[in-house]
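Each chain is listed here by its residues.
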Amino acid sequence: MPKRGRPGGGKKARGGRAARPARDTRQVHPSDAPPTEGLLGHPAPPAGPAAVPFAPAAPATEGLLTPYVEASAARSRAAELRATELRAGGRPPGPAGTGRDIGDPDESAPPPGPEDTLTPEDWRAAGYTPPNGIAVPTLNPGAPGDAPWPDRMRTLLRTPMSERPAFERTPRERQSDATARNVPRILDLTLRIGELLLASGEAAEDVEAAMLGIAHAYRLDHCEPQVTFTLIGISHQPSLVEPPVTADRVVRRRTSDYTRLAAVYKLVADITAEQVTVNDAYRRLAEIRRNRHPYPVWLLSLTTGLLAGAATFLVGGRLDAKAWLVFANAFVAAILGDRLASLIARRGLPEFYQFVVAAMPAAVSGIVLSFNDLGLRGSVVITGGLFALLPGRAMVAAVQDGLTGFYITAAARLLEVIYLVAGIVIGVMLILYLGVGFHAKLNPDESLVGINYPPVQLVAAMVLTLAFAMLLQTARRNLLLVTLNSVVGWSSYGVLVYNAQVSPIVATGVAAGLVGLFGQLMARYRYASALPYVTAAIGPLMPGSAIYLGMLSFAQGHASAGLVSITRAAAIALALAIGVNLGGEIARLFMKIPGSTEPLTLYPAVPRRAAKRTRGF
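Overview of the structure. By convention here, each chain's residues receive numbers from 1 onward along its written sequence. Owing to the predicted nature of the model, reporting of local features is limited to residues with pLDDT of at least 70; listing and counting of side-chain atom pairs is limited to 80 or more, with chain, interface and lining totals taken over all residues. With hydrogens and water set aside, each side-chain value is computed from the structure's full complement of heavy atoms.

1. Some thoughts on the packing of helix α17 (residues 479–499) against helix α18 (residues 504–526)
No. 1: Two numbers describe how α17 lies on α18: the axes approach to 8 Å, and their chain directions differ by 155°. Between α17 and α18, the angle falls in the class roughly antiparallel. Like other packed secondary-structure pairs, α17 and α18 cross with a definite hand, here right-handed. Facing α17, whose interface residues are Leu-481, Asn-485, Val-488, Gly-489, Ser-492, Tyr-493, Leu-496 and Val-497, α18 presents Pro-504, Ala-507, Thr-508, Val-510, Ala-511, Leu-514, Val-515, Phe-518, Gly-519, Met-522 and Arg-526.
No. 2: Across the contact of α17 with α18, the residue classes break down as 13 nonpolar, 5 polar and 1 charged. Fitted lines through C-alpha atoms give the axes, limited to the stretch in contact for helices. The angle between two N-to-C directions lies from 0 to 180 degrees. Secondary structure elements are defined from DSSP: runs of H or I of at least 4 residues count as helices, runs of E of at least 2 residues count as strands, and each element is numbered from the N terminus. Put simply, angles under 35 degrees are roughly parallel, angles over 145 are roughly antiparallel, angles from 65 to 115 are roughly perpendicular, and the rest are oblique. Here is the rule for handedness: rotate from the far helix to the near one, and if that takes an anticlockwise turn smaller than a right angle the crossing is left-handed, while a clockwise turn gives right-handed. Residues count as neighbours in contact if any of their non-hydrogen atoms are within 4.5 Å of one another. Just so you know the grouping, Ala, Val, Leu, Ile, Met, Phe, Trp, Tyr, Cys and Pro go in nonpolar, Asp, Glu, Lys and Arg go in charged, and all remaining residues, Gly too, go in polar.

Quick look at the structure:
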């Protein structure tokens, strides 16, 4: 019996839904399609050239290049003429399998490009790179050459990133994949070497130049180093479409080891000359870190006493029995202060308190000598102790960073100098207040003798410089040159002050300039850093007497006289640092490296830019 149908009729599809009607698959001609205008909004504007407001007119390019057809036809006619001449005179057959004779045009060769009709001056005026390229002296300011790497890389560093060229490289492996895999290691190596240079007292610009040179030597051209007092970083951007790779490193320890500095300098020179691989550079860097200091601790303690004792002859200017007794007191007091400072350093106290404690024994010895009636010069002992503690290296580096545009690093280093000098002043002032309270007979004129005994003071300056160089861990083979450089500086100072009656501040600046000039010359002959030849050589020119006179005036209640003496000491220190920097800059401008084939000229092939951030725009 058939089932009763439901209202609405029709059979239900599976799932309870009504069956859909079949889709019409017949193709419709576009002309028969229904209109769709207005279904999706306003009609699109007619296509045409878009007008850009305030856009300059396109430059005319007609005639810049000869038409390709004319150049190709001219070459074809020349080839046919050459082939006809060869057929008439006979010619040997071409290579086997080519089906051509020598002289026939090669049809498989790519068609020649358009012919250039403009001069390089026209291309340069139009703002384009000439088709024949750029001259090599313009392209390779950082490439390996005769100039030391600081000069080459400083030129590249002072060039803005947008104008910095990539120099021509030496033939070697060119595997971009291997270089990309080595990018983190190269950046880490760059930061480790930069950390050693900055901790050794190198100027911030020289540290950035070294980091840039290492990155360029390992084919990382788009790098930008950044150096501050406690943090160094470098950023590498492979291309405009790839994210940059940035690495940072914190500088926590600062050591005065110029032997290690010379080894790092030599490593950077070899890397920038493209003679050392990344693995070999890591191996040599590990050896440099493991090397021990050239002088033992007990010898450095004796050297500290020798420095303070030599300073007593320098400022006292006399050679008698009393002078030797003063020398012995300064010698013992300096050694005692050095051992006390080392003791509290092992306890973890900051460097400020180390300088406070180190300055006290010399002040106590000077106060004790002032109570006798034998005419012993207690003020000379205190002044000699100051010479052994004044931070001349940090002061010169601070002024040099400020002159080259690294103001943050310069301000931090100058603040460090102020703190260390304040520690020395506090340590001495505490003892001086006690001595003045007990009516100590301190005579400031004893330490302001001047240049009265030139032979004695010249020998004292040489001994002081030798001791200072040993304290800075200068290599033994450099001690003689450093001492001779100090002779140049002190002799110039003595002649200007004693014979020419020049102001001590001006004389200090001139003498420091000569020290910086000869220091750069010695560094270029030794292919080394100039710091070992300059820092110790300016030791005899430090304003120890002026600082002591100012502290004594404050302790005796003469504030105005003390302020004048402190201002004079600051002026001498500033003249000293500026003179050293100016001498080095003059040496870089007019001196070439020994053995170089390049002529000495006032106008180098690559113009040397001024320090960055100091050009006024």
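From this point, the discussion proceeds with the structure in view.
2. Quick look at the packing of aromatic side chains
No. 1: Only centres within 6.5 Å qualify two rings of Phe, Tyr or Trp (six-membered ring in Trp) as a pair; their planes then separate them into stacked at under 30 degrees, edge-to-face at over 60, and tilted for everything else. Taken as a whole and judged by the stated rule, the model has 6 aromatic pairs.
No. 2: Here the aromatic rings of Phe-313 and Trp-324 are separated by 5.1 Å at their centres, their planes lie at 65°, and the arrangement is edge-to-face. Highlighted residues: Phe-313 in helix α10 (residues 297–316) and Trp-324 in helix α11 (residues 321–346), separated in sequence by 11 residues.
No. 3: Classification of Phe-313 as buried rests on a relative accessible area of 9%.
No. 4: For the exposure calls, accessible area comes from a 1.4 Å probe over protein chains only, and a residue counts as buried if that area is under 20% of its type's maximum, exposed if over 50%, partly exposed in between. Judged by relative accessible area, Trp-324 falls into the partly exposed class, the value being 48%.
No. 5: Taking 5.4 Å as the distance between ring centres and 35° as the angle between the ring planes, the aromatic pair formed by Trp-490 and Tyr-493 counts as tilted. Of this pair, Trp-490 and Tyr-493 both sit in helix α17, separated by 3 residues, roughly a single helical turn.
No. 6: Following the ring pairs from residue to residue traces out a cluster consisting of Phe-313, Trp-324, Phe-327 and Phe-331.

Read these as layout, nothing more, since geometry by itself doesn't imply function.
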